[in-house]
Amino acid sequence: MAGARVSLRRTRAPGDAGMTTSEYAMGTIAACAFAAVLYKVVTSGTVSKALESVIGKALDAQF
């Protein structure tokens, strides 16, 4: 019985084990686009002022 199971496993088509080159390329493009949007948001005037305010309050905190 064990021999039959082994032969069946060998005849099955292999599964999709990973991404193809085009999938890697699309993932890289998506990651770069997300990074560009995030950079624009973080460097905008409103967010920059808010970050400066938070950092300033943290530095002025008394322990």
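Residues numbered from 1 in each chain as written. Predicted model: local features only at pLDDT ≥ 70, side-chain atom pairs only at ≥ 80, totals over all residues. Heavy atoms only, no water.

### What to know about the overall build of the protein chain
Looking only at helices and strands, the protein chain features 3 helices and 0 strands. Here the protein chain holds 63 residues, and the buried ones make up 0% of them. Total accessible area on the protein chain is roughly 6,000 Å²; 67% of this is exposed by carbon and sulfur atoms. (Helix = DSSP H or I, 4+ residues; strand = E, 2+ residues; numbered from the N terminus. Buried < 20%, exposed > 50% of the residue type's maximum accessible area, 1.4 Å probe, protein only. Areas by Shrake-Rupley, 256 points an atom, 1.4 Å probe, with all protein chains shown as cover.)

### Quick look at the confidence of the model for the protein chain
Looking at the protein chain as a whole, the pLDDT averages 81, with 71% of positions reaching at least 70. Within the protein chain, the element-level pLDDT minimum falls on helix α1 (residues 2–11), averaging 55, and the maximum on helix α2 (residues 21–42), averaging 93. (pLDDT = per-residue confidence, 0-100.)

### Points about a nonpolar patch on the surface
A contiguous nonpolar patch, built from F34, V37, L38, V41, V42, L51, I55 and L59 and spanning about 780 Å² of accessible area, is present on the exposed surface. Breaking the nonpolar patch down by element, the ones donating at least two residues are α2 and α3 (45–60). For the nonpolar patch, the element with the highest residue contribution is α2, accounting for 5 residues. Since its relative accessible area comes to 52%, I55 is described here as exposed. (Patch = residues over 30% accessible without salt bridge, like charges linked within 9 Å, V, L, I, M, F, W, Y side chains within 5 Å. Salt bridge = Lys/Arg side-chain N within 4 Å of Asp/Glu carboxyl O.)

### A look at α3
Under the 1.5 Å per step criterion, the end-to-end length of α3 is 22 Å for 16 residues, consistent within 8% with the ideal 22 Å. Burial of α3 is sparse: only 0 of the 16 residues sit out of reach of the surface. (Expected span 1.5 Å × (residues − 1).)

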